[in-house]
Amino acid sequence: MVSQQRLIGIVVAIIVLVGIVAFIAFMPRAPPQEVPRVVTPTTIVTSPTQMQVQTTPQQTVRITPATSKEELKVAIGTDLDTLDPHDQTTSLVDNVIMHVCDRLFDRDANGNLVPMLATRLDVSSDGLTYTIYLRQGVKFHNGEILTADIVKLNFDRIFNASAKKRLSTYLPNIQSYRAVNDTVFEIKLSKPFAPFTMSLSLVYIVAKEAIERYGDVLSKDLRGLICTGPFRMVEWVKGTRVVLERFDDYWGGNVPLKRIIFYIVPEESTREAMLLAGDVDLVFWPSLASLTRLNQTQGIKVIQYPTYRYVMLHFNFDYPAFQDKRVRHALNYAIDKETVISKIFYGTATLVKGPWQIGMFGYKEIGYYKYDPQKARQLLEEAGYTLGPDGILVHPQYGKFSIKMVHMKGRFPGDVELAQAIQGYLRSIGIEVELVTGDWPWYINTIYLSPSDKAKNGYYLFQRSWGPSIPDPYYTVYFLYSCDMWVGPDKTQHKGINLTSAGRNIGYYCNRDFDNILRSYIVEVDQVKRLELANAMARLLWDDAPAVYLFQLNIFVAAKSNLEGLIFIPGEMIYLAKAYFR
């Protein structure tokens, strides 16, 4: 009798499953949606009836009931690696934080500086003094009022000598700063820094309580994330979801949504299935193979917008082979970038022929490492490599050319397939590559390991994507290639060069000629001279090849067609505080 009931249950489940598949397969189609024009974020506000729920073993928060049209459900591919607004590592995580915390200034759709917590900025004629006028009456989530003294506390935290935040590297040449009065904050530079004004749009401000009570615990304890933004973070279940709830008394005005839930879903196909099933309303980075089908699905729209995200492979220069420029050139020639763009990215990526992104100041086509495996083999032979009996290259001094490549999963569509393709291309010229795969938090911790830990694990090649929000090459080449940005524990050295935990140069590339040109570039205010210096930097980096230069991504989101008010801003950011359902 029991077995018969089980059999009936199985038959019913199969019938239901077949029905669902048939429904999805024969859903009515609609013509492609027009991509909406980008607009600028403006305003926001709140007020809920509350109930108590348990979120984590450490804390209890209060969450407001919401109707389906007041709750936005979003699927993203990576978990948060840190909550710290001053220590962000990637735009996808920053896109969550930006709904909780506000910055001194914002940027509009064209990348121009616009008021946020500050309403005005005065810059002295010599470019050394920046006077910031704060918005009055702004409340933090805990009831504190924004003052220049709180801004100073934030700068103290960012530049804390014992624990500098990554944001500090975006604010160079600061000699001093002070609160002039309650609403005016002043910064003095030791020497000009041409993009400094735009760097101020990266400065988040957290409450005094967040700094004094939570300190660096803020990075992992949502109770410390006390800001002035339109939402409060009320839940973070690692690897599962992040819940934001609308903040009462937000300075910016009305916001339609009561709650935003970000679901952590690394698999593109799962994110897509959740959207089609109605489990989420918005998906970051749907499968590129499905874009056309999704765009023709009734009730779904696909939106594309360009980014500055440059995909590369970074060499670890501690590996002897990569100290030879011929080997670095060989790897640049070994990968068929055009085929990768066509087959893996379905033509949505753009080939880049310079060391920084298209659309940035000073970009020009410097050259092109066109796919040429024969040239790659020739360069490797000139560097002293011969094929061993197993088809793997061998060097008389360095031994077998066998390395591990670290790459991420879920950061952008095709990231795993790209790594697999690279593995195949390099194997075809005699380089053995073992892929080491992880989610975003694991990946970011791994690429920022100390030099000795990377060597111990054999991590000598890194899949990397870099997408700054400010269109100046400084924000790419300084962080990725400067000798000053070697990543590692503070107050330690590697090969006589100081390491910094705020560093981003994960491969320990150092070229003093490049650094000298860069130093001249960042203090030069004459645009013609800046272009000349940018061109000199570009040519040097392209020839020296500290990376395998691949392509630039466009970003895609898929959403329910009745979701409106999405605001796209530079740096892969989507502002959701004005979103609403028709």
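The preceding data block contains the structure.
Residues numbered from 1 in each chain as written. Predicted model: local features only at pLDDT ≥ 70, side-chain atom pairs only at ≥ 80, totals over all residues. Heavy atoms only, no water.

Undergrad: In this structure, what is going on with the state of the cysteines? I would like to understand it.
TA: Think of a disulfide as a covalent bridge from one cysteine sulfur atom to another cysteine sulfur atom. In total, this model carries 2 disulfides according to the counting rule given. Here Cys 101 pairs with Cys 227 through a disulfide, and the sulfurs are 2.1 Å apart. As the torsion about the S-S bond is roughly 55°, the Cys 101-Cys 227 disulfide counts as right-handed. Pair noted here: Cys 101 is in the loop between helix 2 (91-97) and strand 4 (105-107) and Cys 227 is in the loop between helix 5 (208-214) and strand 10 (231-237), with a separation of 126 residues, a long-range link. Each member of the pair, Cys 101 together with Cys 227, is buried. What pairs with Cys 483 in a disulfide is Cys 510, and their sulfur atoms sit 2.0 Å apart. Judged by the sign of its S-S torsion, about 95°, the bond between Cys 483 and Cys 510 is right-handed. Linking Cys 483 in the loop between helix 14 (474-481) and strand 22 (493-494) with Cys 510 in the loop between strand 23 (497-498) and helix 15 (512-523), this pair joins segments that are 27 residues apart in sequence. For Cys 483, a relative accessible area of 2% translates into the label buried. (Disulfide = S-S within 2.5 Å. Helix = DSSP H or I, 4+ residues; strand = E, 2+ residues; numbered from the N terminus. Buried < 20%, exposed > 50% of the residue type's maximum accessible area, 1.4 Å probe, protein only.)

Undergrad: Just to check I follow, could you spell out the pairing of strand 24 (residues 547-560) for this structure?
TA: Along a regular strand, successive side chains alternate from one face of the sheet to the other. Judged by how many residues are buried, strand 24 sits mostly within the fold: 13 of 14 residues are covered. Judged from the 3 bridges that link them, strand 13 (residues 282-284) and strand 24 form a sheet pairing that is antiparallel. In the sheet register, Val 283 faces strand 24, and the bridge partner there is Ala 558. Sheet topology note: the strand 14 (residues 300-315)/strand 24 ladder contains 12 bridges and is antiparallel. Pairing of Val 311 across the sheet is with Phe 551, part of strand 24. (Pairing = 2+ DSSP bridges.)

Undergrad: Looking at this model, I keep getting lost on the sheet that holds strand 16 (residues 386-387). Mind explaining?
TA: Sheet strands pair by backbone hydrogen bonding; their relative direction is either parallel or antiparallel. Pairing in this open sheet of 3 strands is antiparallel, and the strands run 16-17-18 from one edge to the other. Bordering the open sheet on either side are strand 16 and strand 18 (399-400), each of which pairs with just one other strand. Taken together, the 2 bridges between strand 16 and strand 17 (residues 393-395) define a ladder with antiparallel strand orientation. Bridging from a neighbouring strand, Leu 387 pairs with Leu 393 of strand 17.

Undergrad: Could you clarify how one ought to interpret the environment of Glu 71 in this entry?
TA: Mapped onto the fold, Glu 71 is located in strand 3 (residues 71-76). In this structure Glu 71 comes out as buried when scored by relative accessible area, which is 16%. As for Glu 71 and Pro 256, which are separated by 185 residues in sequence, their C-alpha atoms are 9.2 Å apart. In terms of polar contacts, Glu 71 uses its side chain to reach the side chain of Arg 259, at 2.7 Å. (Polar contact = N/O pair within 3.5 Å; in protein donor to acceptor, adjacent residues only side chain to side chain.)

Undergrad: I keep staring at helix 10 (residues 373-382) and nothing clicks. Help me out?
TA: Because an α-helix completes one turn every 3.6 residues, residues spaced three or four positions apart along the sequence face the same direction. Within the sequence span of helix 10, burial applies to Pro 373, Ala 376, Leu 379 and Leu 380. All buried residues of helix 10 lie within an arc of 120° about the axis, which places them on one face of the element. Opposite the buried face of helix 10, by more than 90 degrees, sit the exposed residues Gln 374 and Glu 381. (Arc of directions from axis to C-beta.)

Undergrad: Help me understand the sheet that holds strand 6 (residues 118-123) in this model?
TA: Overall, antiparallel pairing links the 4 strands, which are arranged 6-7-9-8 in an open sheet. A single partner strand is all that each edge strand has here, and the edge strands are strand 6 and strand 8 (174-181). Here the strands of the sheet are splayed against their neighbours by 20° on average, with no regard to which way each runs. Sheet topology note: the strand 6/strand 7 (residues 129-134) ladder contains 5 bridges and is antiparallel. Bridge pairing in strand 7 places Asp 122 opposite Thr 131. Along the sheet, helix 3 (residues 148-158) contacts strand 7, strand 8 and strand 9 (184-189); its crossing angle with strand 8, the most-contacted strand, is approximately 160°. (Axes fitted to C-alpha atoms, helices over the stretch in contact; angles between N-to-C directions. Contact = heavy atoms within 4.5 Å.)

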